[in-house]
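Structural overview for review
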Amino acid sequence: MRRIISSLMQPAATMGMLLLNAGWLAHISPDAGTTPLTGDAMGDRDSLLHEPGYGLLIEDTLIQSVAPSEELMDEHAPSAKLSGGTSPTSLGQHSGHDVFDLAGRAVVPGLVDAHTHLLWAGDRSHEASLRRQGYSYHQIAEMGGGIAFTVRCTRDATQDELVSEGEHRLRLAMDHGTTFIEAKSGYGLDTKSELALLEAADTLAKSTASPPMRHTWLGAHATPPSEEGDGRTEESRRAAYVDEMLAEQLPAVLDQGIADSVDVFCEPGWFTVEETEEICRAGADGGLQVRLHVDEFEEGGGAALAAELRARTADHAAWSDSEGRASCARVGTLQGFLPGTPHVLGSDHWPPIRECLDNRWPWTLASDFNPNCDSLSLPFSAHLAVTHCGVDSLEALVACTRNAASGMDHPRGLQTGTLRSAAAASLNILPGDQVDGWIQDSGESPFIATLVEGRWHRSL
Ligand code: NIG
Ligand code: FE
């Protein structure tokens with residue numbers, strides 16, 4: 001069984017930390033930093049970046065100050081001297097602080113992945129060749145593949161196996177700069193198995209080796225797989241499952257008290273707008289926030305419903321009409337784009353991100369990690385957005401940090417997604433002096449070091 005061996009397991013630094021002599025530093029916070037940025041403000045380098053030479057003072061889990069390095073040294077480590085070298089290096093301890101010279105390396109906030117299907121078992125890689133033979137996502141699902149296939153494998157997995165695989169995946173996510181992550185259930189599709197997935201996520205969240213997590217109940221991911229020849233139509237099986245979710249599964253999930261949000265795959269062929277509304281309203285009555293999968297393969301009124309329900313996010317939104325998108329923007333529902341999904345499905349229908357930028361509608365990027373889209377790398381998602389959607393690397397960074405954070409409350413109320421005083425001390429360090437390097441994707445992480453709430457996941 002794989003286990004995380006991570007520096008996060010060390011206790012948080014009792015001393016402060018000083019990171020000095022950064023290259024370009026993306027603070028992304030010309031203001032209070034809690035609302036999403038839109039339009040031109042997402043790419044405004046003058047207001048979102050500090051020029052080279054800044055540093056950060058960190059105490060415990062929080063950033064205390066972001067300021068020119070000389071100021072920080074004078075005040076907090078007068079005996080320290082920059083190395084003058086070209087490689088990042090530890091300068092040792094000075095006045096109770098661990099001091100590092102970043103030697104001009106760029107710094108960006110920790111990334112926020114607000115849409116993952118973190119926990120599942122099994123292998124769906126055979127679907128790639130089915131797609132090459134011309135079968136669509138819908139057809140593969142009708143053949144018993146897709147979500148139903150993963151549900152069977154996940155129900156067969158033990159809790160230990162799910163948790164162990166989850167540990168490995170969380171480490172991969174942090175390796176790629178993610179410091180705050182959402183995890184959905186949705187591959188159990190009966191009360192016992194959905195509770196088990198949420199329980200496994202909770203076990204992970206309680207580990208000191210994990211980044212902060214949020215949990216979403218996605219019982220309405222698909223109709224559960226049926227026994228051969230049970231004689232019922234797809235509609236009647238789905239209606240019975242919706243009844244079961246409302247009468248039994250949701251009350252049990254609320255009782256369990258782990259889930260923060262409810263999500264539904266609102267899509268023609270999966271759950272209708274009416275079913276989605278009923279499930280979400282019941283979840284919201286029980287205190288859950290709403291996050292939705294909408295209009296992934298066709299316009300089905302999902303974005304308009306997300307706005308009506310005041311959902312935190314309307315994700316995929318790949319085919320949502322402009323009216324639905326505009327209503328999301330009016331009520332503050334974020335459009336969460338997931339370019340990894342069209343990429344793996346071989347689609348050339350890329351998320352309509354330019355429309356959001358041109359209309360100043362708030363949007364985010366996430367990985368959509370799932371058995372089909374097997375990547376927990378937000379730099380990779382952003383790379384796709386930059387290469388296919390006409391997005392600048394800084395706009396993509398804002399989408400994956402401050403904007404994503406604005407749609408997901410931190411479990412302990414910390415501010416995330418920006419580098420400013422009193423925000424969580426979560427950040428990534430790049431090998432060069434430019435922040436744009438964060439979307440360079442060579443198949444490896446673009447980061448040389450990652451700090452998660454004051455503790456190194458990967459140290460300099
Ligand atoms: O967001 N579309 C719904 N859910 C996932 C895919 C699930 C699967 O194919 O296993 C998504 O892409
Ligand atoms: Fe998804």
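Residues numbered from 1 in each chain as written. Chains lettered and ligands numbered in written order. Predicted model: local features only at pLDDT ≥ 70, side-chain atom pairs only at ≥ 80, totals over all residues. Heavy atoms only, no water.

Moving on, we get to a negative patch on the surface. On the surface, a cluster of negative charge is made up of Glu70, Glu71, Asp74 and Glu75. Relative to the elements of secondary structure, Glu71 occurs in helix H2 (residues 69–76). (Patch = residues over 30% accessible without salt bridge, like charges linked within 9 Å, V, L, I, M, F, W, Y side chains within 5 Å. Areas by Shrake-Rupley, 256 points an atom, 1.4 Å probe, with all protein chains shown as cover. Salt bridge = Lys/Arg side-chain N within 4 Å of Asp/Glu carboxyl O. Lys, Arg positive; Asp, Glu negative; His and termini not counted. Charge placed at Lys NZ, Arg CZ, Asp CG, Glu CD. Helix = DSSP H or I, 4+ residues; strand = E, 2+ residues; numbered from the N terminus.)

By nearness alone, 16 residues border ligand 1, and Tyr137, Tyr187, His221, Glu296 and Asp368 come closest of all. At 2.8 Å, a side-chain N or O of Asp368 approaches an oxygen atom of ligand 1. Contact between ligand 1 and Asn370: an oxygen atom at 3.4 Å from a side-chain N or O atom of the residue. Here ligand 1 has 330 Å² of accessible area as a free molecule, and 99% of this is covered by the chains. Under a 2 Å grid-point criterion requiring more than half of the atoms, the pocket assigned to ligand 1 is the largest cavity. (Near = heavy atom within 4 Å. Polar contact = N/O pair within 3.5 Å; in protein donor to acceptor, adjacent residues only side chain to side chain. 1 Å grid on protein atoms, 1.4 Å probe; cavity = no way out; pocket = protein on both sides within 12 Å on 5 of 7 lines; lining within 4 Å. Sits in = over half its atoms within 2 Å of the grid points.)

In this section: the pairing of strand S14 (residues 313–316). The pairing of strand S13 (residues 289–294) with S14 spans four bridges and is classified as parallel. Following the sheet pairing, Leu292 is matched in S14 by Ala314. You can see the chain leave S13, run along helix H10 (residues 302–308) and come back into S14, and the turn it takes is right-handed. As judged from the three bridges shared by S14 and strand S15 (residues 334–337), these two strands associate in the parallel manner. Across the sheet, the residue bridging to Thr313 is Leu334, located in S15. (Pairing = 2+ DSSP bridges. Right-handed = clockwise from strand over helix to strand, strands pointing away.)

Moving on, we come to unusual backbone geometry. Phi angles above zero are rare outside glycine, and Arg310 is one such case at about 55°. Relative to the helices and strands, Arg310 is located in the loop between H10 and S14. Note on Arg310: relative accessible area 55%, which makes it exposed. With phi around 45°, Glu453 is a residue other than glycine that occupies positive phi space. Within the element layout of this structure, Glu453 appears in the loop between strand S18 (449–452) and strand S19 (455–458). Accessibility expressed as a relative area gives 8% for Glu453, which makes it buried. (Buried < 20%, exposed > 50% of the residue type's maximum accessible area, 1.4 Å probe, protein only.)

Take the nonpolar core next. In terms of nonpolar packing, the biggest core is built from 92 residues, with Leu118, Ile147, Trp217, Ile353, Trp363, Leu365 and Trp438 touching the most fellow members. When residues of this core are assigned to their parent elements, the largest contribution, six residues, is made by helix H15 (residues 393–406). Residue assignment places this core across two domains, with domain 1 (6–110 + 417–457) and domain 2 (111–406) each supplying three or more. When residues no more than four places from it in sequence are discounted, the contact partners of Trp217 are Ser185, Glu194, Leu198, Met245, Gln249, Leu250, Val253, Ala259, Ser261, Val262, Asp263 and Ile279. With 19 residues, the next largest nonpolar core counts Leu19, Ala22, Tyr54 and Leu427 among its residues. (Core = buried A, V, L, I, M, F, W, Y, C linked by side-chain atoms within 4.5 Å. Domains from an automatic or database assignment. Contact = heavy atoms within 4.5 Å.)

To continue, consider empty space enclosed by the protein. Counted under the stated rule, the structure contains three cavities of 30 Å³ or more. Considering only enclosed or pocket space, the largest cavity measures out at about 140 Å³ in volume. The wall of the largest cavity is formed by 17 residues, among which Tyr137, His221, Glu296, Asp368 and Asn370 lie closest to the centre. Split into classes, the residues belonging to the lining of the largest cavity amount to seven nonpolar, seven polar and three charged. Around the second largest cavity, the lining residues are Gly110, Thr179, Phe180, Thr416, Gly417, Thr418, Ala424 and Ser426. Considered class by class, the residues forming the lining of the second largest cavity number two nonpolar, six polar and no charged. (Points joined across faces, edges and corners; volume = space filled by probe spheres on them. Nonpolar A, V, L, I, M, F, W, Y, C, P; charged D, E, K, R; others polar.)

Inspection of every chain in the model, using the stated rule, returns seven aromatic pairs. Ring plane angle 35° and centroid distance 4.8 Å describe the contact between Phe265 and Trp270, whose orientation is recorded as tilted. With relative accessibility at 2%, the residue Phe265 sits in the buried group. Ring pairs connect the aromatic residues Tyr137, Phe265, Trp270 and Phe297, which therefore count as one cluster. (Phe/Tyr/Trp six-rings, centres within 6.5 Å; stacked < 30°, edge-to-face > 60°.)

Relative orientation of the contacting elements helix H6 (residues 159–175) and helix H7 (residues 191–206) amounts to 50°, with a least axis distance of 9 Å. If you check the angle between H6 and H7, you find them oblique. Of the two possible hands of crossing, H6 and H7 adopt the one that is right-handed. Residues Gln159, Leu162, Val163, Gly166, Glu167 and Leu170 of H6 form the contact with H7, whose own contacting residues are Ala196, Leu197, Glu199, Ala200, Thr203 and Leu204. Class assignment of the residues belonging to the contact of H6 with H7 gives a composition of seven nonpolar, three polar and two charged. (Axes fitted to C-alpha atoms, helices over the stretch in contact; angles between N-to-C directions. Parallel < 35°, antiparallel > 145°, perpendicular 65-115°, else oblique. Left-handed = near helix turned anticlockwise from the far one by under 90°.)

Further remarks concern the domain arrangement of the chain. Segmenting the chain into domains produces domain 1 (6–110 + 417–457) and domain 2 (111–406). Taking only C-alpha atoms, the centre of domain 1 and the centre of domain 2 are 31 Å apart. Contacts between the two partners involve 41 residues from domain 1, matched on the other side by 40 residues from domain 2. Summed over both partners, the interface of domain 1 with domain 2 comes to about 3,100 Å²; 66% of that surface belongs to carbon and sulfur atoms. Three residues, Met42, Trp438 and Ile439, lead the burial of domain 1 against domain 2; their summed loss comes to 23% of the area buried on that side. Counting across the domain 1 and domain 2 interface gives two salt bridges. (Buried area = accessible area lost by both parts, 1.4 Å probe.)

Moving on: the sheet that holds S13. The eight strands are arranged S9-S10-S11-S12-S13-S14-S15-S16 in an open sheet whose pairing can be described as parallel. Both edges of this open sheet fall to strand S9 (111–113) and strand S16 (363–365), since each of them pairs with a single strand only. In this sheet, neighbouring strand axes are inclined to one another by 25° on average, regardless of whether the strands run parallel or antiparallel. With four bridges connecting them, strand S10 (residues 178–184) and strand S11 (residues 213–220) associate as parallel partners. When the bridges of S11 are listed, Lys184 appears paired with Thr216.

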